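Examining the three-dimensional arrangement
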4 protein chains.
Amino acid sequence: MSIRIAVLGAGIMGTDHARIIARDLPGAVLQLVCDASPDRARGVANAFGAVDAITDPLAAIARPDVDAVLIASPDETHAPLALAAIAAGKPALCEKPLAPSTADCLKVIESETKNGRRFLQLGFMRRFDPSYGEMKSALTGRLIGKAVMMHNIHRNVEAPANFTGQMAITNSAPHEFDAARFVLDTDYTAISVFQPENIETTRIGAPVFMVLETASGPLVNIEINNNATYGYDVRSELVGETGAVQLAAPTPARFDLALQSFQRYPADWRPRFAEAYRLQNRAWLDAIRTAMPSPIAATAWDGYCAARIAEAGVLSLAEKRRVTLPRLETPSFYR
Amino acid sequence: MSIRIAVLGAGIMGTDHARIIARDLPGAVLQLVCDASPDRARGVANAFGAVDAITDPLAAIARPDVDAVLIASPDETHAPLALAAIAAGKPALCEKPLAPSTADCLKVIESETKNGRRFLQLGFMRRFDPSYGEMKSALTGRLIGKAVMMHNIHRNVEAPANFTGQMAITNSAPHEFDAARFVLDTDYTAISVFQPENIETTRIGAPVFMVLETASGPLVNIEINNNATYGYDVRSELVGETGAVQLAAPTPARFDLALQSFQRYPADWRPRFAEAYRLQNRAWLDAIRTAMPSPIAATAWDGYCAARIAEAGVLSLAEKRRVTLPRLETPSFYR
Amino acid sequence: MSIRIAVLGAGIMGTDHARIIARDLPGAVLQLVCDASPDRARGVANAFGAVDAITDPLAAIARPDVDAVLIASPDETHAPLALAAIAAGKPALCEKPLAPSTADCLKVIESETKNGRRFLQLGFMRRFDPSYGEMKSALTGRLIGKAVMMHNIHRNVEAPANFTGQMAITNSAPHEFDAARFVLDTDYTAISVFQPENIETTRIGAPVFMVLETASGPLVNIEINNNATYGYDVRSELVGETGAVQLAAPTPARFDLALQSFQRYPADWRPRFAEAYRLQNRAWLDAIRTAMPSPIAATAWDGYCAARIAEAGVLSLAEKRRVTLPRLETPSFYR
Amino acid sequence: MSIRIAVLGAGIMGTDHARIIARDLPGAVLQLVCDASPDRARGVANAFGAVDAITDPLAAIARPDVDAVLIASPDETHAPLALAAIAAGKPALCEKPLAPSTADCLKVIESETKNGRRFLQLGFMRRFDPSYGEMKSALTGRLIGKAVMMHNIHRNVEAPANFTGQMAITNSAPHEFDAARFVLDTDYTAISVFQPENIETTRIGAPVFMVLETASGPLVNIEINNNATYGYDVRSELVGETGAVQLAAPTPARFDLALQSFQRYPADWRPRFAEAYRLQNRAWLDAIRTAMPSPIAATAWDGYCAARIAEAGVLSLAEKRRVTLPRLETPSFYR
C-alpha cells in the first residue's frame, strides 16, 4: 500500500522534497502540493506528477486522501502545522526549525506526548549523511577512543542582505548544533559566542564563532560563515583520544588547468546533502510503514534542544559572555 | 502505470538489481525473481517483496504480468535471453557482456534491428557514474581542449583462482573499453597487450596492460589488475590539449590514526558504483515509459564493440603483437 | 669570512642546530658545542665536526673565536644567556621561549634596546615555513580579502607524563600564538581558554582550546592537543572575506595498502619543519653578515608578546573566564 | 678543506647549480663560472660570489685552483668535457644526458674505466628526490610485494616550437627512463612507442606514450607530454603485488576561492625538484671528500643505459613497432 503524501510549501525545499518523493521513494505517492501561491503549488505539482495542488495547508492535512505530510512551509508555520498533523493523527516530516522559539517547541512536544505516538520527524537530514555516519561509527566503534573535541564549519557563498550574527545562530547553526549533539550523544551545558570585529557587517555579513561545552565533556566549536564567498562548504572533525575523523564531501572529479589542481565546491547545500535527504525521506517512509520511528531521525525533542542552545547563543552574542544551560533530562517518551 | 519487472538471475548482480528496483525506483514493481535455484529465487523475492519466484527464464519473459526483464543470469545466457525478450517485444536491461563472442552479439543486433525497436539496454553502468559524466563534460564543454590520452586503471582485491590474462581482457576490461569509447566518442583501431613477466600467475593472477589506438586519434591505455590486493580501485584520467580531468571516487570520511591519514577503499565495486547503477536503472525505466532510449545508455551495438576489441586483445596477448581492427561504421539504427 | 658559531645546549634542538650549521649553512662554522654534560657536548661536537666542546655557556659566549651564539639550552637559561650575548655584543639566535615570564622578557628587551642593536633573533621558525609564507602572501596579496578568522591546530603524539593544560599554554602554544600574530600582523586583546572535561588528565594529558581576539579584528582559535596519539600534526586555516588558505604539510608519497589509501604523519616536529629551521638559520646568518635583521624573523619583542598572551591564557584557564589585555604599542626599536 | 668547484655553463641549470653551491653546500666554494658568453659567466659569478668568471671550459678544468667541475653546458659538450675532467683527474657532476649517442657514452665509460676511478656522477637528480626514495623503500622494504607495473607521467607547460616526438624521447624521457630503472633495479628489454594521431603537432607538440619491458619482469609505461599547458607535473606510481605507492609533489598550501579548492602547480621543474638537486649536489660533495661514490647516484653507465633505451625508442617511434634490446651485463666497474 502506497503512502500518499502532501508537501506543504513549494519553495526550494518543498520542491526538492516533491522531487524526492516522486522520483526516489517507491511506495510513496506525491498526492498534493500546497502553497500560498496557487501558481507555485500547481507548477511543482505538474513538474512531479502530483495528483492535486491546493493553497490551504490545514485543508491539505485534513484531506482523507492524504496519509502523511511534509512540512516545508515558512519557519513560523512549522509548529502550527505540526500541531495540526498531530491532531489529525498523521505522520509529519517537518523541515527545521521545529519552531523559532523554545516555548513553541515545547507546545509541540506536549501535544505529541499527549497523543502518545512519535510520528513527527524533524528534518535534520545530516543524521543520514554517510559521512556523519562514519564519524559516529568511529566513536561508537571505539576506533578513535573517547571524544575530546569536535570542530565544525559551515560556510555559504552569500547570505541574504542584512543577515545578522543572530540569524547565523538561529537559522544556520541549528544543523551544526544538532549534528554535533547527534554524533556525540550528549547535551550542551554552555555556549560562548565570538565575532570578528573588523568586518563591516554590510559587506561580509556576520560570521560567528561558538564554543560549546557538553554534559559528557567534549568541547564543540562552530564557525558559521554565511558570506564565505568561495563555496558551500561544511566541514567537521571529531578528535578522539587516539585518532580523529573528518567528513569528506562528495566530489566527482579533479581537474588540472591553468597551474591549478582543483576540485569544485557546490554553490549551495543541495548537491552536498542530496544523499542525506534521500535517505532521510526513505527512513521517514519506512517509519510510517512500520509504525517504528527511525532510531537516528531527529524528534521534536531534538528540535527543542537545537532551539534552546540557539537561544542561549543569541544571549551570549548580545551580552558577550559565556551562557550556561541547566542540565536536561530527555523525556522517556523521546528516548 | 507501474512497470512490472522480472529479474533473471539471483546472484550478486541480480540481487542488487532486485534491491534497486524494489527500493529506489518509483514506478517499477519487482514482479518476479527467476533463478535456476528455486531457493535463491525465493530468497531474493522474499527479501525485496517480489510477487513471485520461478526458475524458468523463458517462462518469466513470456508471462503476461511481466512488462520488462532485467537479465543478470550467467554470461552465456545473456544473448539467448535477450533474443527471447526481443521476440516477446519486452524491453530488457542486460548485464554485460551482451555475449562472450562477437558472432553472438551480431545475432542480437540483427534481431533487434529487424524488430525495429531499440529497447535493449546494456549494463555498462559507468556511463551513468557522475564522475565519468564530469569527464565527458570536460571534453564536450571544451574545458580541456581536444583529447590526447586517456589512462584507465581497474584493480580488484582478488581474482578467482586460475584467473588468466585472457579473462582479464574478456571479463574485466569491457567496462574500461566501453567507458573510454563512451567518453571519447570514438572507435578502437588497434590494440597492443602487454603482461609483466616476473609474476607467478598462480599467486598474482594475470595483470595486463593495454594500449589502444582510436579512430579519432587519442591513445587509451588500460591496466587490468584483478589481484591488486589493496582494494577495489577504478581510476581514469583524460588528458586534453590544455588540461586534464580525473575521476574522484566517493569516500565519506578521512581518518587519522597510527601515524597515518587515510581514506578507505571498498572491497568490491558496489559502493563505488552504487549511484551509477541507480541512475542507470532509472534511465532504463524512463526509457520504457517514454519509449525513448536514453541517449547515453549502452546499446547492443556498444556491447558488440566491447566484444570486438576484447577479441582483438585476446589475439594480441596470444601473439604478442599489435592487432589492428578495420574501421567500423555505426549502423544508423544505433546512432 | 665565515661566522663562527657556538651552540649552547646539546639536547634535541641543539643537536639539530649543530647539524644544520655544519651541513646546510655555507659561511657558518660550528665552532663550539656547549652543554652541562661534557659527554653530550663532546658527542655532538664530534658528530658534526665542531672545533671544540665545553660546559660553561658564559665562557662560550665570551670566547674570542666565537662570533655568534645559538641558544638551545633549557628554557630558564634563555634570558640570562641572551643577556650575556647582548653584553658581549654577539648576535644570538635563541630558541623559544625568550623567557618563561614576561618580566624576564622585558629585561632582555630593555638590555637590547639600551645596546642599540637588534641582533637577538627568536626561534619562532614557523615564520620561515613556506606554507605559512603562502598564507601570509594570500593576505598581503589580497587574494582572500581581509582576514576574518584563523583556525590553528597543534597535535603531538604524546606529552610527557604529568603534562598539564597550563603547560600546553606556556610550552606548546607560543608557536601558535606567534604564527597567527605574524600572519595577521596584529596583537591579541583577549583570550578565552576551554578544556574538555570528560578526559582523565593522567591518560590524555590536557588538551586546551583557546579563542583569541585581536586588535585588528579577526578571531584566532587554537587547539593544543599534546596527546593526540595519531601523529605530529600542525594545521592552520586562514579565512578571509572572499576565500581561505590552509597549510599543506610536506609528504613525499601516498600508499595504497590493506583497503586504505594513506599518507604518513611524522612522529615529531622535525620532519614537518626541517625546511623552516634551515631557512630560519640561513636568514640569521645573513642578518649577521649584513648587520640587517631579517624582516620576518621574530625579535625579543615578539617573544615578549608570546609570553604575555600565554600568561593571560594561564589566568583564563585558572579562572575559567575571558581575560582581556590592554592594547600594546610596539616600541619603535622593534618596528 | 673546502672543495673548489667550477660550474661550466651559466644557463638555467648552471645558474641553479651555482646558487646551490654558493648557498647550500658548506665545504664547497664556487670558484669559477664558465660560459661562452663572458657577460653571462660574469653575471652568475657576481650573483653568487664566485672567485672568477671565464669562457673556456677546458681552461676551467685545467686550472689548479679548481678541484671539481659541474658540467651544465650544452648537451653535445657534456661528453668532451667529461673526458677532459677524467683526463685531468678531477671529479665531475655532469648534467644529463651524458651524451646524445650511445657511442659517445661508451667513450666516456671506456675512459673512466681505464682511469680506474668512478668520480663522474650523472645529474639524474630524481634518485635523490625523497618521494622516489619512498617508492624505492616500499619495494626494498617489501611493503608492497614484488613490482608489477610502474606508471610514469612527465608533463611540461609548453615545449619549444618544433618540438618533436623524437625530442620527447631523447630530451625529456631520460629522467623517466633512469628513475624507473633506478627504482626497479633492472634493465629494459623492449620498448613500444605510441603517439596520438589527431593532434596537430604544430599546436600540441608531440606527446608520446611508451611501454617498456624489463629484464626482471615488471612493465613500465611513460607519458611524455611537453605541451600539457596546465603545469609542470611529474607523477609516478609503482604497483606491487600487495599494494602501491605514488609520488606526492611538494605543495605548501591549499586555497579555497571561486567555487574551487585548489593547489598550485609550478610552471617548471625547479620547485618540484629543488630538494633533489640540493641532496644530489651534497652527495656529490661527500663523494669527493670521502673518495666513495654515492651508492644511489647515477654513473656514466646509467647515462649509457638511458641513451640506449632512448635510441631504441626513437627507432620504435619511426618504425611503429616494438623494439627489443639484448640483455645487458653491468660492468663490474660500475656495480
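Residues numbered from 1 in each chain as written. Chains lettered and ligands numbered in written order. Predicted model: local features only at pLDDT ≥ 70, side-chain atom pairs only at ≥ 80, totals over all residues. Heavy atoms only, no water.

Describing the interface of chain B and chain C
Contact with chain B, which involves 17 residues of that partner, is made by 17 residues of chain C. With both chains or domains summed, chain B and chain C bury close to 1,300 Å², and 50% of this area falls on carbon and sulfur atoms. Viewed at the interface, chain C and chain B are joined by 2 salt bridges. Between Arg 235 of chain B and Asp 256 of chain C there is a salt bridge whose closest N-O contact spans 3.0 Å. Scanning the region where chain B abuts chain C turns up 10 residue pairs in polar contact (both at pLDDT 80 or more). The set of elements that each furnish at least two residues to the side of chain B that touches chain C consists of strand 13 (253-257) and strand 14 (260-264) of chain B. Among the elements that line the side of chain B that touches chain C, the one with the most residues is strand 14 of chain B, at 5 residues. Its residues assigned to classes, the side of chain B that touches chain C shows 9 nonpolar, 4 polar and 4 charged. Two elements, strand 14 of chain B and strand 14 (residues 260-264) of chain C, share 5 bridges in a ladder whose sense is antiparallel. From the neighbouring strand, Gln 260 of chain B faces strand 14 of chain C, where its bridge partner is Arg 264 of chain C. (Contact = heavy atoms within 4.5 Å. Buried area = accessible area lost by both parts, 1.4 Å probe. Salt bridge = Lys/Arg side-chain N within 4 Å of Asp/Glu carboxyl O. Polar contact = N/O pair within 3.5 Å; in protein donor to acceptor, adjacent residues only side chain to side chain. Helix = DSSP H or I, 4+ residues; strand = E, 2+ residues; numbered from the N terminus. Nonpolar A, V, L, I, M, F, W, Y, C, P; charged D, E, K, R; others polar. Pairing = 2+ DSSP bridges.)

As for the interface of chain B and chain D
Frequently, the measure chosen for interface size is the accessible area that the parts lose on association. Listed per partner, the contact involves 41 residues of chain B and 41 residues of chain D. Summed over both sides, the interface of chain B with chain D buries roughly 3,200 Å², with 59% coming from carbon and sulfur. For the pair chain B and chain D, the number of links is 4 salt bridges. Put simply, Arg 235 of chain B and Glu 237 of chain D hold a salt bridge, and the shortest N to O gap is 3.0 Å.

Focus on the packing of helix 7 (residues 165-184) of chain C against helix 10 (residues 300-319) of chain C
All names here are of chain C. At a closest axis distance of 9 Å, the pairing of helix 7 and helix 10 adopts a crossing angle of 135°. Comparing their axes, helix 10 and helix 7 come out oblique. For helix 7 against helix 10, the interelement crossing comes out right-handed. Contact residues: Gly 165, Gln 166, Ile 169, Thr 170, Pro 174, Phe 177, Asp 178 and Arg 181 in helix 7; Trp 301, Asp 302, Cys 305, Ala 306, Ile 309, Ala 310, Gly 313, Val 314 and Leu 317 in helix 10. Across the contact of helix 7 with helix 10, the residue classes tally to 10 nonpolar, 4 polar and 3 charged. (Axes fitted to C-alpha atoms, helices over the stretch in contact; angles between N-to-C directions. Parallel < 35°, antiparallel > 145°, perpendicular 65-115°, else oblique. Left-handed = near helix turned anticlockwise from the far one by under 90°.)

Thoughts on the relation of the copies chain B and chain D
Rotating chain B by 180° and moving it 0.0 Å along the rotation axis overlays it on chain D with an RMSD of 0.0 Å. The relationship between the two copies is best expressed as a two-fold rotation axis. (Least-squares fit on C-alpha atoms with pLDDT ≥ 70 in both.)

Some thoughts on the pattern of salt bridges
Tallied over the full model, the rule gives 120 salt bridges over all chains. For Asp 24 of chain D, the salt bridge identified is with Arg 282 of chain C, shortest N-O distance 2.0 Å. Taken together, the positions of Asp 24 of chain D in helix 1 (residues 12-24) and Arg 282 of chain C in helix 9 (residues 269-290) put the pair across two chains. Neither Asp 24 of chain D nor Arg 282 of chain C differs from the other in exposure class; each is buried. Among the ionic pairs, Glu 176 of chain D bridges to Arg 126 of chain D, the shortest N-O distance being 2.6 Å. You can see Glu 176 of chain D sitting in helix 7 (residues 165-184) and its partner Arg 126 of chain D sitting in the loop between strand 6 (120-122) and helix 6 (130-140), a full 50 residues away along the chain. Side by side, Glu 176 of chain D and Arg 126 of chain D carry an identical accessibility label, which is buried. Residues participating in the shared-partner salt-bridge network are Arg 155, Glu 223, Asp 233 and Arg 235 of chain A, Glu 237 of chain C together with Asp 256 of chain D. (Buried < 20%, exposed > 50% of the residue type's maximum accessible area, 1.4 Å probe, protein only.)

Looking at the side chain of Arg 126 of chain C
Residue and element names in this part refer to chain C. The class of Arg 126 is buried, set by a relative accessible area of 3%. One polar contact links Arg 126 to His 154, side chain to side chain, over a distance of 3.4 Å. Sequence-distant contacts of Arg 126, defined by excluding residues within four places in its chain, comprise Tyr 132, His 154, His 175, Glu 176, Ala 179, Tyr 232, Val 234 and Phe 273.

Concerning unusual backbone geometry
The step from Lys 96 of chain A to Pro 97 of chain A runs through a cis peptide bond, and the omega angle for that step is -5°. Structurally, Pro 97 of chain A can be placed in the loop between strand 5 (92-94) and helix 5 (102-115). Unusually for a residue other than glycine, Arg 142 of chain A sits at a positive phi of about 60°. Within the fold, Arg 142 of chain A resides in the loop between helix 6 (130-140) and strand 7 (147-155). A residue is classified by how much of its surface remains accessible, and Arg 142 of chain A, at 71% relative accessible area, is exposed. In the Ramachandran plot, Ala 258 of chain C falls in the positive-phi region, its phi being about 50° despite a non-glycine side chain. Within the secondary structure, Ala 258 of chain C sits in the loop between strand 13 (253-257) and strand 14. Judged by relative accessible area, which is 58%, Ala 258 of chain C ranks as exposed.

Regarding the sheet that holds strand 2 (residues 28-34) of chain B
Residue and element names in this part refer to chain B. Strands sit in the order 3-2-1-4-5-6 across an open sheet of 6 strands; the sheet is parallel. Each of the sheet's edge strands pairs with one partner strand only, and the pair in question is strand 3 (52-54) and strand 6 (120-122). Across the sheet, the axes of successive neighbouring strands diverge by a mean angle of 25°, strand direction being ignored. With 6 bridges connecting them, strand 1 (residues 3-8) and strand 2 associate as parallel partners.

Overview of the relation of the copies chain B and chain C
Once chain B has been moved 0.0 Å along the axis and rotated by 180°, it coincides with chain C to within an RMSD of 0.0 Å. Looking at the interface residues of chain B, 100% of them are also at the interface in chain C, so both copies use one shared face.

So, helix 9 (residues 269-290) of chain D
Count 3.6 residues to each turn of an α-helix, and residues three or four apart come out pointing the same way. All names here are of chain D. Its 22 residues give helix 9 an end-to-end C-alpha distance of 30 Å, which sits within 8% of 32 Å, the value for a rise of 1.5 Å per residue. Glu 275 marks where helix 9 bends most, by close to 40°. At the C-terminal side of helix 9, Ala 291 shows a positive phi close to 55°. (Expected span 1.5 Å × (residues − 1). Bend = angle between axes of the 7 residues up to and from the residue.)

Describing the pairing of strand 13 (residues 253-257) of chain A
Residues and elements named next belong to chain A. Burial analysis of strand 13 places 5 of its 5 residues in the buried class, which makes it a mostly covered element. The alternating pattern of strand 13 places Ala 253, Phe 255 and Leu 257 and Arg 254 and Asp 256 on opposite faces, both of which are buried. As consecutive antiparallel partners, strand 13 and strand 14 (residues 260-264) are separated by 2 residues, and within that stretch Ala 258 has a phi angle of approximately 50°, a positive value.

Examining the UniProt feature "domain: Gfo/Idh/MocA-like oxidoreductase N-terminal" (unreviewed entry) in chain A
According to UniProt, the feature "domain: Gfo/Idh/MocA-like oxidoreductase N-terminal" (unreviewed entry) maps to residues 3-120 of chain A in the numbering used here. With 47% helix and 20% strand, residues 3-120 of chain A has end C-alpha atoms that lie 16 Å from one another. (UniProt positions renumbered as here; feature names shortened; annotations may be inferred.)

Structural notes on the packing of aromatic side chains
Centre distance and the angle of the planes are the two values used to describe a pair of aromatic rings. Under the definition given, this model contains 26 aromatic pairs over all chains. Seen from their ring centres, Phe 177 of chain B and Tyr 188 of chain B are 6.3 Å apart, and the 65° between their planes marks the pair as edge-to-face. Here Tyr 188 of chain B lies in strand 8 (residues 188-194) and Phe 177 of chain B lies in helix 7 (residues 165-184), a separation of 11 residues in the sequence. A residue is classified by how much of its surface remains accessible, and Tyr 188 of chain B, at 5% relative accessible area, is buried. Ring centres of Trp 301 of chain C and Tyr 304 of chain C lie 5.0 Å apart, and the angle between their planes is 45°; on these two criteria the pair is classed as tilted. Taken together, the residues span about one helical turn, with Trp 301 of chain C and Tyr 304 of chain C both in helix 10 at a distance of 3 residues. Each member of the pair, Trp 301 of chain C as well as Tyr 304 of chain C, is classed as buried. Members of the aromatic cluster, connected to one another through ring pairs, are Trp 301, Tyr 304, Phe 333 and Tyr 334 of chain A. The positively charged end of Arg 117 of chain A is found above the aromatic ring belonging to Phe 119 of chain A, 4.5 Å away from the centroid. (Phe/Tyr/Trp six-rings, centres within 6.5 Å; stacked < 30°, edge-to-face > 60°. Lys NZ or Arg CZ within 6 Å of the ring centre and 35° of its normal.)

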